[in-house]
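Understanding the architecture of this molecule
As a plain string of letters, each chain reads:
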Amino acid sequence: MTVDGEQRTAAQGSTAADLYAGRRDVVAARIGGVLRDLSTPLAEGDVVEAVPVGSPEGLEVLRHSTAHVLAQAVQQLHPSARLGIGPPVRDGFYYDFDAEVPFTPEDLKELTAAMARIVKEGQTFRRRTVTDEQAREELAAEPYKLELVELKGRAGDGADAAEGASVEVGAGELTIYDNVRRDGTVAWKDLCRGPHVPSTRVLGNGWALTRTAAAYWRGDQANAQLQRVYGTAWPTKDELRAHQERLAEAERRDHRRLGAELDLFSFPEEVGSGLAVFHPRGGVIRRAMEDYSRRRHEEDGYEFVYSPHITKGALFETSGHLDWYADGMYPPMHLDEERGEDGAVRRQGQDYYLKPMNCPMHNLIYAARGRSYRELPLRLFEFGTVYRYEKSGVVHGLTRARGFTQDDAHIYVTPEQLASELRALLDFVLGLLRDYGLDDFYLELSTRNPAKSVGTDESWQVATDALTEAAAGSGLELVPDPGGAAFYGPKISVQARDAIGRTWQMSTIQVDLNLPERFDLTYTAADGSKQRPIMIHRALFGSIERFFAVLLEHYAGVMPPWLAPVQVVGVPVAGEFAPHLHDVAARLRAQGVRVEVDDSDDRMQKKIRTHAKAKVPFVLIAGGEDVAAGAVSFRYRDGTQDNGVPVEEAVARVVEAVRSRVQV
RNA sequence: GCCAGCAUGGCGCAACUGGUAGCGCACCUGUCUUGUAAACAGGGGGUUGUGGGUUCGAGUCCCACUGCUGGCUCCA
């Protein structure tokens, strides 16, 4: 047989476990290309590869096995709990249960203790094949597992019955895993495709339960709600700790936390859920972001428009938004209705809606007069604030708000212009994102969902082809997202990875042949005929508030100087040196630098601490030596110093850092 | 919207099984002021998210609402 690329012979009846007896890190084997348990007997000619616990597949096996131990613990402590699905997920696993009483944090502690006992006991996972018949019999008390068995019998193989279901029932035969105690008795069993680690001991102490949550059976809101327990699992305790440290780092960067700490924005309860107010310091950052974007758009041929926040409902009937998204819109205000004394309507009222989108307004601007092909591409841009009635459970800081401002542009082109405009647009978008400090991207192509879309197949094909071509031209990885498009057209979205590796959906570019139709938009072509323009929707930040949050988390609040609320603070070593710093500050201010001098009666060390915590990019310190030399001393945010820098040079250094938008 | 948890001065937290609110930072006042992350002293500030209930008595118990957190569903 072939073992990890080498020819070897093995005794009759030996297993993969025998081959890797000396390697404790091997948790499974790939035999003939299929992931199998180590206990699998080998046959002549088998091609065997080790699956180490640290490999992506090894981690999945480890995590899935940990999920089994969790389920065993749950049924041990809560015998009436019925089993749902328990797959591995990123960094860990979950298992869903139909439990009479929802789990509490205390339950989590008890479950952890019960799991630790099972792990320590060293139960082995034993695989056996069962017929559908046997499975139905053995799982008579597990209605959810039965449902998976039934689904397997129907179209497909059941693996697509629900997210994660593939770990329970694979293609072909059904298998049940018994958890066997040392004395040979069966502690617990579960319908499962496997494979599993050989013994619960392998799990060691590299796992932890993290939280409980509710989840709908098979991911459908119409189904029963199950109790989900999440956990994380790693090959070693050190790796578990490292993972927990990464979570702690993400928490330290949380924009909601930094927003309060740095006095940038808040969500007053009096205003309403999901509605932010920006404080002066947050306002500076936001304005710097917007100003730069505005300038770049001007340079790239965009024209700026403005539109109201509220409109009559008919506009959203024309656009189709009321058909598709009425639930996500704030309910209408019914205005102007008059009734007689008999209660009968004398004058018909009107429904007004807060706008959830800017595009219908921009279409009206386009349609305000006849358009010539000479005007195209016509690029209309607006920082347009929109309002969406997000469901209460999804509102999340600035990243999922009920009121937010899109940097929204609609570009009207002739069919001939579409391809080149898209290509240029993608360049423009990526370039601008890089200027804000993001530089690791991939693209996603969201295509038509037939159940949720309007328009002809041809128009969707044209639009999708144009986007695919533009994406290919960028050289970036393109991930398909079938059915992910909005109702009016396909889209490319730019996904950006931040400083700690998380990905965020940033810009979107959508090609739309449907709204121009609905709004009956036309232009006069060179031959005098009326033609239909194609519309491109694009948002670069998506939402300014959300982009603000992403940048804040990306930089962990340590904003590059051009975005920092206060760019320079002068700290005199003693009060008598303050005038020197005020002179320096005046020179900086004349160059547009946001600078303050700390005249408070704190001691110098305290002032440094204060401004370090505020993450001010440049602290300029001046004492007797600096004044005598006509210099200042730099203290950077990482604690490094550059002392005795001549004032002229210091000013130039700060101005250049701001101008070039570098991080310091 | 659903499930669970949480809500105490601006921020972070404390107050045993119900006995009438305290600390640190921040803020204000005064004194102090020479080299890179916290000088010292004093002071002000909370009807414990809102409304109702139980109780002799509620920050602590119950109900509703509002908001937040973590998931699920959703995200034009």
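Here the structure is a predicted model, which means the values were calculated and not measured. (Residues numbered from 1 in each chain as written. Chains lettered and ligands numbered in written order. Predicted model: local features only at pLDDT ≥ 70, side-chain atom pairs only at ≥ 80, totals over all residues. Heavy atoms only, no water.)

The next subject is unusual backbone geometry. Residues Gly194 and Pro195 are joined by a peptide bond in cis, for which omega reads -5°. Note that Pro195 resides in the loop between strand E11 (186-191) and strand E12 (207-216). The omega torsion across Leu376 and Pro377 is -5°, close enough to zero to call that bond cis. Structurally, the position occupied by Pro377 is in the loop between helix H11 (359-366) and strand E22 (378-387). Positive phi, close to 50°, is recorded for Asp520, a residue that is not glycine. Residue position: Asp520 is located in the loop between helix H14 (515-518) and strand E28 (523-524). (Helix = DSSP H or I, 4+ residues; strand = E, 2+ residues; numbered from the N terminus.)

Through backbone hydrogen bonds, the strands of a sheet pair up, either in parallel or in antiparallel fashion. The 8 strands are arranged E16-E22-E23-E30-E27-E26-E24-E25 in an open sheet whose pairing can be described as mixed. Every interior strand has two partners, whereas the edge strands, strand E16 (303-304) and strand E25 (478-481), have only one. Where E16 lies against E22, 2 bridges are found, and the strand directions are parallel. Across the sheet, residue Glu303 finds its bridge partner in E22, namely Leu380. (Pairing = 2+ DSSP bridges.)

Neighbouring RNA strand B are 54 residues; Tyr216, Gln225, Met357, Lys606 and Asn643 lie closest to it. For RNA strand B, the fraction of atoms within 4 Å of the protein that belong to sugar or phosphate moieties is 53%. Here a sugar or linking oxygen of RNA strand B sits 2.9 Å away from a polar atom, N or O, in the main chain of Ala214. Breaking the surface near RNA strand B down by element, the ones donating at least two residues are E12, strand E13 (225-233), helix H10 (321-325), helix H17 (604-613), helix H18 (624-629), strand E34 (631-635) and strand E35 (641-646). Sorting elements by how many residues they give to the surface near RNA strand B places H17 first, with 7 residues. (Near = heavy atom within 4 Å. Polar contact = N/O pair within 3.5 Å; in protein donor to acceptor, adjacent residues only side chain to side chain.)

This next bit is on the sheet that holds strand E4 (residues 34-36). With mixed pairing, 5 strands are arranged side by side in an open sheet as E2-E1-E5-E3-E4. Each of the sheet's edge strands pairs with one partner strand only, and the pair in question is strand E2 (6-7) and E4. In the sheet, strand E3 (residues 26-31) pairs with strand E5 (residues 47-52) via 5 bridges, with the strands oriented antiparallel. When the sheet's bridge partners are listed, Arg30 is paired in E5 with Glu49. With respect to the sheet, helix H2 (residues 56-77) is in contact with E3, E4 and E5, its orientation differing from that of E3 by roughly 120°. (Contact = heavy atoms within 4.5 Å. Axes fitted to C-alpha atoms, helices over the stretch in contact; angles between N-to-C directions.)

Of all 9 residues that make up E13, 7 are buried, and the element is covered over most of its length. Summarising the sheet, strand E8 (residues 92-98) and E13 pair through 6 bridges and their orientation is antiparallel. The residue bridging Phe93 from the neighbouring strand is Gly231, located in E13. In the sheet, E12 pairs with E13 via 9 bridges, with the strands oriented antiparallel. Bridge assignment links Trp207 to a residue of E13, and that residue is Ala233. (Buried < 20%, exposed > 50% of the residue type's maximum accessible area, 1.4 Å probe, protein only.)

This prediction gives chain A a mean pLDDT of 93; 98% of its residues lie at or above 70. Both scores are available for the predicted complex, with the pTM at 0.93 and the ipTM at 0.95. (pLDDT = per-residue confidence, 0-100.)

Structurally, Arg63 is set in helix H2. For the buried Arg63, which has no salt bridge, the nearest side chain bearing the opposite charge is Asp91, at an N-O separation of 4.7 Å. Apart from the residues lying within four places of it in its own chain, the contact partners of Arg63 are Pro88, Val89, Asp91, Gly92, Phe93, Ala233 and Trp234. (Lys, Arg positive; Asp, Glu negative; His and termini not counted. Salt bridge = Lys/Arg side-chain N within 4 Å of Asp/Glu carboxyl O.)

Attention shifts here to the environment of Ala486. By the secondary structure assignment, Ala486 is in the loop between E25 and strand E26 (491-497). The exposure class of Ala486 is buried, given its relative accessible area of 17%. Taking the C-alpha atoms as reference points, Ala486 and Gln510, separated by 24 residues in sequence, lie 8.7 Å from one another. Aside from chain neighbours lying at most four places away, what touches Ala486 is Tyr325, Lys452, Trp460 and Gln510.

Let us look at the nonpolar core. Counting 57 residues, the largest nonpolar core has Met289, Leu422, Tyr436, Phe547 and Leu551 as the members making the most contacts within it. Per-element tally for this core: the top contributor is helix H12 (residues 418-435), with 9 residues. The contact partners of Phe547, leaving out residues within four places of it in the chain, are Met289, Leu433, Tyr436, Leu438, Met506 and Phe541. (Core = buried A, V, L, I, M, F, W, Y, C linked by side-chain atoms within 4.5 Å.)

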